[in-house]
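Here's the letter readout for the chains.
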Amino acid sequence: MSSPRKSRDPKTLRPATQLVHGGTLRSQFEETSEAIFLTQGYLYDTMEQAEARFKGETPGFIYSRFANPTVAMFEKRMALLEGAEAARATATGMAAVTAALMGQVKAGDHVVAAKALFGSCLYVVEDLLPRFGVASTLVDGADLDAWRKAMRPNTKTCFIESPTNPTLALVDIAEVAKIAHAGGATLVVDNVFATPMLQHPLKLGADVVVYSATKHVDGQGRVLGGVILASEKFIADHIHNFLRQTGPSLSAFNAWVMLKGLETLPIRVERQQRSAAQIADFLAAAPGVTRVLYPGRADHPQFALAKKQMTGGGTLVAFEVEGGKAGAFAFANALSIIGISNNLGDAKSLITHPETTTHQRLKPEQRAELGINSGLLRLSVGLEDPDDLVEDIAHALSQAHPAAKAAE
Ligand SMILES: Cc1ncc(COP(=O)(O)O)c(C=O)c1O
């Protein structure tokens, strides 16, 4: 690796510049675009060098399950953006969540999490951790007294996502961080819905941020990935060895796709957010739509909190249509540009019916408590012209309305 030109400390650069240049490692060929190092292992000049590297006495790569140059570039770039001391990439967002939680706890510990979590995250907290002797308590994320009451002397960590999937409810990150810290616990934030552009959990007091990089970071629906961001100490104490020994490593190819995704993240999120706000306003006035949930609108139940901890409303809109499941299905089936998919953060606009897909495994009473009812749809707004998206939605609503009415 060489870097002959003088370069500025990337920490002093603005995010858009960090996302193009930050973390770049150049080979002896001085390539402009980041190289993909598709290699499992690395050569040592001597046996002595191999020994020293394994002992951690000299820097260098050992094996791509532990670290890889392309993956290292992605980690460095994400750490710069997030303002984190360290980052570790994982094969998926779920591998990041699992490692961030499992890496910290042992049998006899306790975890507190918000009830409104992505289904697989709920599985880790509710089903997996208790199987290994780690008790968990789920609370209403917005109820700070419930957080305080749930804390126990053995509570090791608290876990939230904000905005939540799929109702876009918010959790006060700064306040929950204070409660966690007062009880000697850490706070882990799944920041997928806000994206690294619109919310900075570490600055708000969280200890760990996790992402499904599968979503906005790639942003073009290609590869899976995840990342854990925290202090050097947290990564060294809880994450480094867990990932190295259990092996949910990000592939070099996927890291390269993510690096290229990061270059355009600010402009994509800015454009998608602007379109989401336009669509939310359209939906709020549209016949056949009974409720719109968008953190950037003044009628969002937690608009004040959104303004406090986010710099924008985000790229997702949740809304309810008349006619319950039949109305929602009729509407989504009548769309022609917006695709039906449970994915999000993509250049293509995607819509899902959480009750029957992402949140199907929840008990009906859990869904009712979270406001996931039969007419609810979650729209991930893409990069298409927003006027085409509005026309698509307006047309589908006009088609679905009779079906919705008939189902009532
Ligand atoms: C909020 C949230 N967290 C975590 C994940 C898991 O990410 P991945 O699919 O990359 O494992 C998702 C995926 O949909 C998500 O929406």
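Residues numbered from 1 in each chain as written. Predicted model: local features only at pLDDT ≥ 70, side-chain atom pairs only at ≥ 80, totals over all residues. Heavy atoms only, no water.

Looking now at the overall build of the protein chain. Counting its secondary structure elements, the protein chain contains 14 helices and twelve strands. For 408 residues, the compact-globule formula gives about 22 Å, and the C-alpha radius of gyration of the protein chain, at 22 Å, lands near that figure. Taken along its principal axes, the extent of the C-alpha atoms in the protein chain is 80 × 50 × 35 Å. Looking at the protein chain residue by residue over its 408 residues, the buried ones come to 53%. In the protein chain, once contacts between residues fewer than 6 apart in sequence are set aside, the share between residues at least 24 apart is 75%. A total accessible area of about 17600 Å² is found for the protein chain, and carbon and sulfur atoms account for 55% of it. If you average the places of the 40 positive and of the 42 negative side-chain charges in the protein chain, the two averages end up 4 Å apart. (Helix = DSSP H or I, 4+ residues; strand = E, 2+ residues; numbered from the N terminus. Rg over C-alpha atoms; globule rule 2.2 N^0.38 Å. Buried < 20%, exposed > 50% of the residue type's maximum accessible area, 1.4 Å probe, protein only. Contact = heavy atoms within 4.5 Å. Areas by Shrake-Rupley, 256 points an atom, 1.4 Å probe, with all protein chains shown as cover. Lys, Arg positive; Asp, Glu negative; His and termini not counted. Charge placed at Lys NZ, Arg CZ, Asp CG, Glu CD.)

Glancing now at the confidence of the model for the protein chain. As a note on interpretation, predicted positions should not be read in detail where pLDDT is low. On average, the protein chain scores 95 in pLDDT, and the residues at 70 or more come to 97%. Segment residues 403-408 is flagged for pLDDT under 50; beyond a separation of four residues in sequence, or across chains, it makes nine contacts in the model. (pLDDT = per-residue confidence, 0-100.)

What follows is about the pattern of salt bridges. Side-chain pairing between opposite charges can occur once the charged atoms of the two side chains come close. Per the counting criterion, the structure on display carries 17 salt bridges. Ionic pairing is found between D109 and K106, a salt bridge with its closest N-O pair at 3.4 Å. We note a salt bridge from K308 to D172, for which the minimum N-O separation is 2.9 Å. Placement of K308 in helix α11 (residues 303-309) and of D172 in the loop between β4 (155-161) and α7 (173-182) is noted, with a sequence separation of 136 residues between them. Overall, K308 belongs to the partly exposed group, its relative accessible area being 49%. In this structure D172 comes out as buried when scored by relative accessible area, which is 13%. What you see here is one network of salt bridges that share partners, running through E34, R77, K260 and E263. (Salt bridge = Lys/Arg side-chain N within 4 Å of Asp/Glu carboxyl O.)

Together, I36, L38 and F253 give the surface a local cluster of nonpolar side chains, amounting to about 290 Å² of exposed area. Locating I36 in the fold gives a position in the loop between α1 (15-21) and α2 (47-54). Taking the relative accessible area as the measure of exposure, I36 reaches 31% and is therefore partly exposed. (Patch = residues over 30% accessible without salt bridge, like charges linked within 9 Å, V, L, I, M, F, W, Y side chains within 5 Å.)

It is worth spelling out the sheet that holds strand β12 (residues 376-380) at this point. Adjacent strands of a sheet pair through backbone hydrogen bonds, lying either parallel or antiparallel. Sheet architecture is open: five strands sit in the order β8-β9-β12-β11-β10, paired in mixed fashion. Among the strands making up the open sheet, the edge pair consists of β8 (289-293) and β10 (339-340). Bridge count between β8 and strand β9 (residues 316-321): four bridges; the pairing is antiparallel. Bridge pairing in β9 places R291 opposite E320. Of the strands in this sheet, β8, β9 and β12 touch helix α10 (residues 252-284), which is tilted by about 15° from β9. Across the sheet, helix α12 (residues 324-333) lies against β9, β10, β11 (350-352) and β12, angled at about 125° from β9, the strand it touches most. (Pairing = 2+ DSSP bridges. Axes fitted to C-alpha atoms, helices over the stretch in contact; angles between N-to-C directions.)

All right, on to the packing of aromatic side chains then. This structure, assessed with the given rule, holds four aromatic pairs. With 5.8 Å between their ring centres and 85° between their planes, F319 and F331 make a pair best called edge-to-face. Of the two residues, F319 sits in strand β9 while F331 sits in helix α12, which places them twelve residues apart along the sequence. Comparing F319 with F331, the two get one shared label, buried. When the ring centre of F66 is taken as origin, the NZ or CZ atom of R244, which lies over that ring, is 3.9 Å away. (Phe/Tyr/Trp six-rings, centres within 6.5 Å; stacked < 30°, edge-to-face > 60°. Lys NZ or Arg CZ within 6 Å of the ring centre and 35° of its normal.)

Turning our attention to the site of the ligand. As a matter of local geometry, the ligand sits amid 13 residues, with G93, D190, S212, T214 and K215 nearest to it. One of the side-chain N or O atoms of D190 is found 2.6 Å from a nitrogen atom in the ligand. In the environment of the ligand, an oxygen atom lies 2.7 Å from a nitrogen or oxygen atom belonging to the side chain of S212. Protein chains shield 89% of the accessible area of the ligand, which is 390 Å² for the free molecule. Grouping the amino acids of the shell around the ligand by side-chain chemistry returns four nonpolar, six polar and three charged. (Near = heavy atom within 4 Å. Polar contact = N/O pair within 3.5 Å; in protein donor to acceptor, adjacent residues only side chain to side chain. Nonpolar A, V, L, I, M, F, W, Y, C, P; charged D, E, K, R; others polar.)

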